[in-house]
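Structure at a glance
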Amino acid sequence: MSFLPTLASALSSPPLAKESSTRLVFQMALRDVSVLFRTPWIIITRSLAFVIQLFVFAYLISRLINVPGLNFFQYYAVGSVVATIASISFVIGYDIFEEAEEGVLDYLLTLPISRRQFIIGRALGGALRAIIYIIPMFLVVAVIEGFAQPLSILSALLSLFLLAFGVTGMSITVAVSVKSANRFDVVLALLELAVSRASTALYPIAFMPLYVSVFAPFSPVSFAADSARASLVGFTLDLPAIVGLVAFVVVFLGLGAAFYFRRLEGGIYS
Amino acid sequence: MFANFAIDLFVTAATFGRLVTGQGANYFLFIAPGSNLITAMVAAFQSGRDVWREKYIKDLTSYLLTLPVQRPVLAFSRVLGGVVRSVIATFPGTLVICYLYGILFTPKVFVAYLIVGLFSLGIVGLSMAVSAFSSSIEMWVTIRSVIQLYLSFLSTLFYSVNVFPQLLAPIVSSNPMTWAIQSFRQLSPISFAQVPAGDSLGSILILAGPSLAFAMLGTICYIWYSKL
């Protein structure tokens with residue numbers, strides 16, 4: 001595990017009281033961004049998965065789908081960006097779990113930064129790195145599909161950021177509440193699969209079996225996918241989806257922070 | 001594992017089954033065995049991950065050296081153990097596919113398990129070989145993901161080989177998943193337009209080739225990297 005030199009120097013030299021809390025939160029966030037980008041293997045893998053899903057799977061399967069009014073390749077292209085950002089946002093949970101296992105968390109707790117700033121910084125870092133990571137893929141889709149309206153693109157990116165923020169909170173919640181490594185792997189993988197597959201990211205709700213279509217509209221990935229498509233394709237704001245995303249962020253960020261705080265403080269809230 | 005399989009089958013495959021029409025047969029049934037084979041693949045890769053953890057995290061090599069068993073036997077038993085684990089992990093899934101294919105109460109159900117076992121044999125061997133050359137978990141996960149992408153998307157799991165551009169056809173035809181899923185589909189009394197007619201024996205024999213080769217590779221790599 002390695003750290004930003006700026007973080008080390010910023011956190012070690014000046015007294016805590018003199019540091020602006022926003023700056024400390026951003027230092028923590030930047031550390032998480034840096035950690036992801038120092039593990040190029042993860043970036044290569046997920047980028048490759050995106051490329052193959054889009055240019056092999058979506059291209060070939062869309063030739064088999066003949067539904068009037070549905071451009072499946074375009075539908076899948078936007079959805080695969082949403083599914084990918086959800087997937088990469090889950091990685092923060094693995095990082096936090098590993099830190100606890102390897103003892104790096106103990107080191108982090110000695111840094112002159114308050115617990116609250118530490119936790120918010122981690123969540124923000126998880127979301128920030130996901131959005132940075134996804135931008136090249138988003139651009140690929142935008143170029144292929146001809147999405148050029150700046151406001152639409154900004155609105156879609158906002159939806160993606162909200163999703164990333166909420167999923168980060170969810171991932172942190174799982175990472176700090178499950179103790180066994182195997183169980184953690186299974187729970188997180190299952191959660192990732194469930195929120196992505198039972199959503200409108202990869203296929204329209206009209207084609208889902210009834211037992212899925214009942215729940216799919218409430219998946220955070222559906223909120224983000226619907227909102228992004230409304231912005232990019234329909235040039236409108238899907239307000240209910242955005243409200244759903246904000247609610248998801250508030251709930252899981254709150255839960256993630258509470259669980260993380262409790263774990264850091266040996267089960268005691270303060 | 002069963003939950004993963006269930007999501008793959010009853011959510012993704014069921015939805016694509018409704019989206020893809022006009023392919024001559026029920027598309028859901030066409031891709032259904034894929035959900036089970038993907039589960040088998042994930043379970044088989046878990047064996048390689050365990051071997052990697054034993055080496056780099058738990059440092060169990062010296063303990064393994066004390067075991068009263070011949071080293072090649074130990075190495076091959078690790079491969080076989082992975083296969084058994086994978087078959088157990090996919091046990092209910094295989095039953096579900098056999099039920100969907102209407103072969104649950106026929107002797108073909110044993111052939112279905114043979115296919116899952118043979119396919120798993122190759123993947124366990126491959127994952128153990130990957131463990132030998134991966135110095136970090138990130139590298140291991142990356143190689144695993146690349147192999148999984150190849151097995152899933154560059155095979156006939158979702159579409160027939162003639163849908164691919166000609167350039168990719170040899171890659172698809174040499175994919176073990178292609179032969180595993182073809183032999184599964186040939187077990188079914190349903191005739192899929194995209195699947196060559198005939199019994200599954202020929203496809204199973206073709207699948208056996210790479211599976212045995214990968215199992216051998218995994219065994220050799222395990223002996224080599226454990227310094228047994």
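Just so you know, these numbers come straight off a predicted model, no measurement behind them.

Let's talk about the overall build of chain B
Counting its regular elements, chain B contains 10 helices and 0 strands. When the helices and strands of chain B are read in sequence order from the N terminus, they spell out α-α-α-α-α-α-α-α-α-α. In terms of C-alpha radius of gyration, chain B reaches 18 Å, essentially the compact-globule figure of 17 Å for 228 residues. Across its three principal axes, chain B shows a C-alpha extent of roughly 60 × 40 × 30 Å. Taken across its 228 residues, chain B has 48% of its residues classed as buried. Counting only contacts in chain B whose residues sit at least 6 apart along the sequence, the fraction spanning at least 24 positions is 74%.

Concerning the overall build of chain A
Within chain A, the regular secondary structure consists of 12 helices and 0 strands. Walking chain A from its N terminus toward its C terminus, one meets helices and strands in the order α-α-α-α-α-α-α-α-α-α-α-α. The C-alpha atoms of chain A give a radius of gyration of 19 Å, which matches the 18 Å a tight globule of 270 residues would have. Across its three principal axes, chain A shows a C-alpha extent of roughly 65 × 35 × 35 Å. By the burial criterion, 47% of the 270 residues in chain A qualify as buried. Put simply, 78% of the contacts in chain A that link residues at least 6 apart link residues at least 24 apart.

As for helix 9 (residues 181-197) of chain A
Between its terminal C-alpha atoms helix 9 of chain A stretches 24 Å, which fits the 24 Å expected from 17 residues at 1.5 Å a residue. Residues Leu 188, Glu 192, Val 195, Ser 196 and Arg 197 of chain A constitute the buried set of helix 9 of chain A.

Quick word on the interface of chain A and chain B
Chain A puts 27 residues into the contact, and the matching count from chain B is 25 residues. Elements supplying a minimum of two residues to the side of chain A that touches chain B: helix 3 (40-62) and helix 9 of chain A. With 11 residues, the single largest contributor to the side of chain A that touches chain B is helix 3 of chain A.

A few points about the packing of helix 6 (residues 108-133) of chain B against helix 7 (residues 137-153) of chain B
In helix packing, the relevant descriptors are the interaxial angle and the interaxial distance, both defined with respect to the helix axes. All names here are of chain B. In contact at an axis separation of 9 Å, helix 6 and helix 7 are set at 150° when each is read in the N-to-C sense. Put simply, helix 6 runs roughly antiparallel to helix 7. When you trace helix 6 past helix 7, the crossing you get is right-handed. When helix 6 is examined against helix 7, the residues Leu 126, Ser 127, Val 130 and Ser 131 are found in contact with a partner set consisting of Trp 140, Ile 143, Arg 144 and Ile 147.

Details of the nonpolar core
Residue and element names in this part refer to chain A. Among the nonpolar cores identified, the biggest contains 147 residues, and Val 82, Ile 85, Ile 134, Leu 160, Leu 163 and Ala 224 are the most heavily contacted of them. No other element matches the 14 residues that helix 7 (residues 115-145) contributes to this core. In contact with Val 82, not counting residues within four places along its chain, are Leu 160, Leu 163, Ala 201, Val 221, Ala 224, Ala 225 and Ala 228.

Describing the packing of helix 4 (residues 72-89) of chain A against helix 7 of chain A
Residues and elements named next belong to chain A. Put simply, helix 4 and helix 7 touch, their axes get as near as 9 Å, and they point 165° apart. By the angle class used here, helix 4 and helix 7 are roughly antiparallel. The handedness of the crossing between helix 4 and helix 7 is right-handed. The segment helix 4 lies against helix 7, with Gln 74, Ala 77, Val 78, Val 81, Thr 84, Ile 85, Ile 88 and Ser 89 engaging Gly 126, Ala 127, Ala 130, Tyr 133, Ile 134, Met 137, Phe 138, Val 141, Ile 144 and Glu 145. Split by residue class, the contact of helix 4 with helix 7 holds 13 nonpolar, 4 polar and 1 charged.

Looking at unusual backbone geometry
Residues and elements named next belong to chain A. Of note in this structure, Phe 235 is not a glycine but carries a positive phi near 55°. Its location among the elements puts Phe 235 in the loop between helix 11 (220-232) and helix 12 (239-264). Overall, the presence of 11 C-beta atoms within 10 Å leaves Phe 235 in the exposed class.

A few points about the confidence of the model for chain B
Residues with a pLDDT of 70 or more make up 96% of chain B, whose mean pLDDT is 86. Note on the complex model: pTM 0.80, ipTM 0.81.

Remarks on the environment of Phe 218 of chain A
With respect to the helices and strands, Phe 218 of chain A occurs in the loop between helix 10 (210-213) and helix 11. In this structure, the C-alpha to C-alpha distance between Phe 218 of chain A and Leu 202 of chain A, residues 16 residues apart in sequence, is 15 Å.

As for helix 5 (residues 91-100) of chain B
Residues and elements named next belong to chain B. What helix 5 keeps buried is the set Gly 93, Thr 94, Val 96, Ile 97 and Cys 98. Where helix 5 is buried, its residues touch helix 1 (2-19), helix 2 (27-56) and helix 6. One or two residues past the end of helix 5 sits Gly 102, with phi positive at roughly 70°.

So, the environment of Thr 156 of chain B
Residues and elements named next belong to chain B. Tracing the sequence through the fold places Thr 156 in the loop between helix 7 and helix 8 (169-173). Put simply, Thr 156 and Phe 30 are 126 residues apart on the chain and 9.9 Å apart in space, counted from C-alpha to C-alpha. The contacts of Thr 156, once residues within four sequence positions are left out, are Val 161, Val 172, Thr 178, Ile 181 and Gln 182.

A short note on the confidence of the model for chain A
Looking at chain A as a whole, its pLDDT mean stands at 81, while 90% of the residues score no less than 70. Below a pLDDT of 50 lies the segment residues 1-14 of chain A, which in the model reaches 16 contacts outside its immediate sequence neighbourhood of four places, other chains included.

Things to note about the environment of Leu 104 of chain B
As for its placement among the helices and strands, Leu 104 of chain B is situated in the loop between helix 5 and helix 6. With residues near it in sequence (within four places) discarded, Leu 104 of chain B still touches Leu 95, Cys 98, Tyr 99 and Val 109 of chain B.

The rules behind these values
Residues numbered from 1 in each chain as written. Chains lettered and ligands numbered in written order. Predicted model: local features only at pLDDT ≥ 70, side-chain atom pairs only at ≥ 80, totals over all residues. Helix = DSSP H or I, 4+ residues; strand = E, 2+ residues; numbered from the N terminus. Rg over C-alpha atoms; globule rule 2.2 N^0.38 Å. Buried ≥ 20, exposed ≤ 12 C-beta atoms within 10 Å, placed from the backbone. Contact = placed C-beta atoms within 7 Å. Expected span 1.5 Å × (residues − 1). Axes fitted to C-alpha atoms, helices over the stretch in contact; angles between N-to-C directions. Parallel < 35°, antiparallel > 145°, perpendicular 65-115°, else oblique. Left-handed = near helix turned anticlockwise from the far one by under 90°. Core = buried A, V, L, I, M, F, W, Y, C linked by C-beta atoms within 7 Å. Nonpolar A, V, L, I, M, F, W, Y, C, P; charged D, E, K, R; others polar. pLDDT = per-residue confidence, 0-100.

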